[in-house]
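# Reading the structure
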Amino acid sequence: MSKSLVPHAPVSTAEVEPHRPTDWRSIAMERRIRRRYAAERRFRLLGLGAVVVSAGFLAFLLVVMIAQGHLGFVETRVALPLDLRQARLGLTAERLRGPGADLALAGAGLERAVDAAANRAYPMQGGAALLSDGAWLRVRDRIKRDPHLLSRPFMLTLPVASAIDVAAKGNGTPAAERSVAALGPRLSRGIAWSFFSGADSTDATRAGIWGGLKGSLLTMLVTLALAFPIGVLSAIYLEEYAPRNRATDFLEVSINNLAAVPSIVFGLLGLAVFIGTLHLPRSAPIVGGLTLALMTMPVIVIASRNAIRAVAPSIRDAALAVGASPIQVVSHHVLPLAAPGILTGTIIGMARALGETAPLLMIGMRAFIAAPPGSLTDPATALPVQIFLWSDQVSRGFVEKTSAAILVLLVFLLAMNGVAILLRNRFETRW
Amino acid sequence: MSSLTLLFLIAALGLVAWVVARARARRFRRSARQRFSSLPQHHGWYVALCTVVPALTFLLIWYLVSPALVTDAVLASPRAATLPTAGFERAAILSEAREIAAGRAFGAFTPLADGLAPAYAAAQTRFDAIGTTVALLLAFAGGAWSFLRVRPGFSARTHNERLVMALLLAASLVAIAISAGIVLSLLVESARFFRMVPIGDFLLGTRWNPSVIDPDDPGAALGAVPLFWGTFFIGAVIAMAVAVPLGLMSAIYLTQYATPRTRRWIKPLLEVLAGVPTVVYGYFAALTVAPAVRQAGAALGIASASSESALAAGLVMGIMIIPFVSSMADDSLAAVPAAMRDGSLAMGATSAETIKRVLVPAALPGVIGGVLLAVSRAVGETMIVVMAASGVATLTLNPFASTTTVTKQIVDLLTGEAAFTSAKTLAAFALGLTLFVVTLLLNIVALMVVRRYREAYE
């Protein structure tokens, strides 16, 4: 390059080494550029790899759970010929119409009759041991619906015992596998409705999630009833009315810190205060709900404050200008506009509370509870705790039940989060 | 009267108060020049609030306090003198008697509980009656008093707003009450613990074995250093070794390289990882990851590879933390001024060079703050370690060996049916206090780092 870039400037020639421009075509330079671009590609691939690995973990988790869990919704049944005339139950169709039907059937020795029928039909495969402990209950329900079955022979497919069930799904002990092979076509599969309607049980084929689910729902009810109003009200106060001073700062700091306190510490608080000091009943949904409400409230406060802050100040000014009082500004204008955001935050907080286990273990919700809770003070368990309890069981039948319960829990959480996202997308206003 | 009926009754009283007060306010004549400060419904609301709020506040407090009062009344009865003086047995008999009295259980294991049940039922009925009466009296009194104030010149609206404001303030004070409750309950129980076990033994002792506590020297078996080490090793070393690179690189890819379309899909997908309940991760860790880790350890020739290894728990915990690190890194990368990035690109640096030499160093304080927050969350995480880590406390650097954590020990200590006063149960509260203080400090430091860094660019 001989011409100077600056016009009229003298071009020096001899004194200094002429400044030569970079030769981009030189071999060294091209190698250097290639190296830099390769580094660029590598870095980019590394980033993509991180995303793929993270998403891959999620996919792997889901695949493992579905692969094990889908069998939990299915039960193996065996066809059993029954003839209750031989059993001499001493029951008549009339007695089964009244309210005492359950008691009459239980007292009449129906369980023994069913066991005897199994012993007769399958003496080589274990007889009564082939059937699930709850099999006779199916017979009972069936007879209640159709009392004429008492007076004629009939076939019924009944759930098999856990060991046979596991073997039929291809994962059992050799002895059970032999029984399955011997039974062959007399085994069938069906949807395990009892999984949705039953409570905890020591027998995997009878264990169901309804007990845990109902406990969770009652707990969530208490949590929502406490955390939502308190959270929203305190968010309104902090965002709209609180004077800017030290006390308010302290309040804000304590709320923000509460949101970061480990959940197990809330469990310790619940144990010490609600059970230790106030003597509320152990492992009751009300205590669980109170404990989770303490944990959820800060989450709702923070989400609600963000939603309230997002409402344009001009709306408040306009309302004030036409004579609304500060309370009217909030209740007539700010709250309706912030409602989608507040609801989204609440749903997300509730979803987190629904999946929470550790604080519930602290307040004693880990006992074996064989019946769904009837009220807020009954001993209960919650769905995540039920999962935890089942995961500790040695019996192989519980592996698939645990994964199935996890799938149910995940469906609930995904539905809640989906609703939250929908709410946000549909009603969110940008100012 | 059941509590639900009582609630309905109070609500009905409030409704009646609203209707009556509104009707009365409507009949006010107003002269040509006079203007009222309040509409009839404001008067209605005022009277309704005065009817309902005191009664409900009383009921809430009563509901929390009365079980303790009932127990006290029963203990004062002559039959209670035959109870064992303290401990688990006494609590069990009392709770059994309570169940029988409430009609939830039939027949008792202990005859003593059967004997106490009538006393329980009587005390329960008495205190229920007192509660109901006082609540209804409060409702009537509040309603009558406020109804007498309904006059044309009375500015019900202002009074309503003052009441609402008080309600708002009370709601936000609940947060302080909870914080105080946490601190107080942990401090009180820990103080009882430290009266039995010297604080030095607890914080500096290296032997943790709560199943064989020597009653003469409980501190010898309650040295928490192995727990602190295990917690640090799993939560701050292994989990972060997984979460920081993956989270940071994901954030970089999503903010710097990915198209907006990909970003819109991938980001919520990663956030799902944070939404999966920890009990699910725990099950996953115990069932799938832990055996795999043990096999890998055995294949590497590590004889002590445990099926409850620190590595399994830490790996899964790291996965759980990824979205957390990623979103914090995302925020701090976005906070770096665009001019710095553009300047670097304009000088001819490639994107990777810009990110490595300009963006990440500039965003580093924010990223570090985020990592500290992530550590505080990992340290407090419970279910994964409860299900996948071991209960044996060891001081080891070997990630394949079994390790335990503070949270795991809290759960283990409190699940045995020990009395509320033994060193074993109280140790859980001391561990809880330590956990609370450490997470609090981590959070404060992290927020300070993040805030200072934000100020630097604003």
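### Re the overall build of chain A
In terms of regular secondary structure, chain A is built from 16 helices and 3 strands. By the compact-globule yardstick of 22 Å for 431 residues, chain A is too spread out, its C-alpha radius of gyration being 34 Å. Long-range pairs, those at least 24 residues apart, make up 76% of the contacts in chain A with a sequence separation of at least 6.

### Here we look at the overall build of chain B
For chain B, the count of helices and strands is 15 helices and 0 strands. Counting all 458 residues of chain B, 44% fall into the buried class. Relative to all contacts within chain B whose residues are 6 or more apart in sequence, the contacts with residues 24 or more apart total 71%.

### What about the nonpolar core?
Grouped together as the largest cluster of nonpolar side chains are 197 residues, with contacts concentrated most on A285, A313, V316, V325 and A388 of chain B. Here this core gets 17 residues from one element, more than from any other, and that element is helix 7 (residues 225-257) of chain B. Non-local contacts of V325 of chain B, meaning those with residues more than four positions away in its chain, are made with A243, V244, G247, L248, G370, V371 and A374 of chain B. By size, the runner-up hydrophobic cluster in this structure holds 28 residues, among which are L110, Y122, L158 and A176 of chain A.

### Side note on the environment of A25 of chain B
Residues and elements named next belong to chain B. Tracing the sequence through the fold places A25 in helix 1 (residues 3-26). Assessed through the 23 C-beta atoms surrounding it within 10 Å, A25 is described here as buried. The sequence separation of A25 and P40 amounts to 15 residues, and the corresponding C-alpha distance is 5.0 Å. Non-local contacts of A25, meaning those with residues more than four positions away in its chain, are made with P40, H43 and V150.

### Some thoughts on the packing of helix 12 (residues 313-321) of chain A against helix 13 (residues 326-355) of chain A
Residue and element names in this part refer to chain A. Relative to each other, helix 12 and helix 13 sit at 155 degrees, their axes nearing to 10 Å. Judged on the interaxial angle alone, helix 13 and helix 12 are roughly antiparallel. The element helix 12 and its partner helix 13 pack so that their crossing is right-handed. Contacts from I315, R316, A319 and L320 in helix 12 reach V329, H332, H333, V334 and L337 in helix 13. Within the contact of helix 12 with helix 13, the residues separate by chemical class into 6 nonpolar, 2 polar and 1 charged.

### Structural notes on the domain arrangement of chain B
Here chain B is partitioned into domain 1 (3-26 + 36-162) and domain 2 (218-457). Computed from C-alpha atoms alone, the centre-to-centre distance between domain 1 of chain B and domain 2 of chain B is 46 Å.

### Regarding the sheet that holds strand 1 (residues 74-82) of chain A
Sheet strands pair by backbone hydrogen bonding; their relative direction is either parallel or antiparallel. Residues and elements named next belong to chain A. With antiparallel pairing, 3 strands are arranged side by side in an open sheet as 2-1-3. Of all strands in the sheet, those with a lone pairing partner are strand 2 (154-159) and strand 3 (187-191), marking the two edges. Geometrically, the sheet is characterised by an average inter-axis angle of 40 degrees between neighbouring strands, direction not taken into account. Helix 4 (residues 135-145) contacts strand 1 and strand 2 of the sheet and is inclined by roughly 140 degrees relative to strand 2.

### Points about the interface of chain A and chain B
Contacts between the two partners involve 69 residues from chain A and, on the opposite side, 69 residues from chain B. Residue contributions to the side of chain A that touches chain B peak at 18 residues, all from helix 1 (residues 27-69) of chain A. When the residues that make up the side of chain A that touches chain B are grouped by side-chain class, the tally is 50 nonpolar, 14 polar and 5 charged.

### Side note on the domain arrangement of chain A
Per the domain assignment, the segments of chain A are domain 1 (75-190) and domain 2 (210-427). Between the C-alpha centres of domain 1 of chain A and domain 2 of chain A there is a distance of 45 Å.

### Some remarks on the confidence of the model for chain A
Across chain A, the average pLDDT comes to 85, with 91% of residues at 70 or higher. For chain A, the element scoring lowest by mean pLDDT is helix 2 (residues 101-107) of chain A, at 69; helix 12 of chain A scores highest, at 94.

### Comments concerning helix 12 (residues 351-380) of chain B
Along its 30 residues, helix 12 of chain B runs just 37 Å from first to last C-alpha, ending more than 12% under the 44 Å computed at 1.5 Å per residue. Maximum bend of helix 12 of chain B: about 60 degrees, positioned at L364 of chain B, with proline P365 of chain B one to four residues after it.

### Observations regarding the pairing of strand 1 of chain A
Residues and elements named next belong to chain A. Pairing geometry for strand 1 and strand 3, over 5 bridges, is antiparallel. Following the sheet pairing, V74 is matched in strand 3 by I191. Sheet topology note: the strand 1/strand 2 ladder contains 6 bridges and is antiparallel. In the strand pairing of strand 2, R77 is matched with P159.

### Some details on the environment of T434 of chain B
By the secondary structure assignment, T434 of chain B is in helix 15 (residues 423-457). Among the residues examined, T434 of chain B registers 19 C-beta atoms within 10 Å and is labelled partly exposed.

### Some points on the packing of helix 15 (residues 383-391) of chain A against helix 9 (residues 278-299) of chain B
Between helix 15 of chain A and helix 9 of chain B, the least distance of the axes is 10 Å, while the angle of their chain directions is 15 degrees. The angle between the axes of helix 15 of chain A and helix 9 of chain B places the two elements in the roughly parallel class. The interaxial crossing formed by helix 15 of chain A with helix 9 of chain B has left-handed handedness. For the pair helix 15 of chain A and helix 9 of chain B, the contacting residues are P384, I387, F388 and S391 of chain A in the first and V279, Y283 and A286 of chain B in the second. By residue class, the composition of the contact of helix 15 of chain A with helix 9 of chain B is 6 nonpolar, 1 polar and no charged.

### Digging into the confidence of the model for chain B
Across chain B, the average pLDDT comes to 85, with 91% of residues at or above 70. For this predicted complex, the interface confidence comes out at an ipTM of 0.87, alongside a pTM of 0.85.

### Examining the environment of F284 of chain B
Mapped onto the elements, F284 of chain B comes out in helix 9. Looking at F284 of chain B, the number of C-beta atoms within 10 Å reads 26, which means it is buried. Each C-alpha atom of the pair F284 of chain B and L9 of chain B lies 50 Å from the other, and the pair is 275 residues apart in sequence. In contact with F284 of chain B, not counting residues within four places along its chain, are L61 and V64 of chain A together with V289 and V316 of chain B.

The rules we used
Residues numbered from 1 in each chain as written. Chains lettered and ligands numbered in written order. Predicted model: local features only at pLDDT ≥ 70, side-chain atom pairs only at ≥ 80, totals over all residues. Helix = DSSP H or I, 4+ residues; strand = E, 2+ residues; numbered from the N terminus. Rg over C-alpha atoms; globule rule 2.2 N^0.38 Å. Contact = placed C-beta atoms within 7 Å. Buried ≥ 20, exposed ≤ 12 C-beta atoms within 10 Å, placed from the backbone. Core = buried A, V, L, I, M, F, W, Y, C linked by C-beta atoms within 7 Å. Axes fitted to C-alpha atoms, helices over the stretch in contact; angles between N-to-C directions. Parallel < 35°, antiparallel > 145°, perpendicular 65-115°, else oblique. Left-handed = near helix turned anticlockwise from the far one by under 90°. Nonpolar A, V, L, I, M, F, W, Y, C, P; charged D, E, K, R; others polar. Domains from an automatic or database assignment. Pairing = 2+ DSSP bridges. pLDDT = per-residue confidence, 0-100. Expected span 1.5 Å × (residues − 1). Bend = angle between axes of the 7 residues up to and from the residue.

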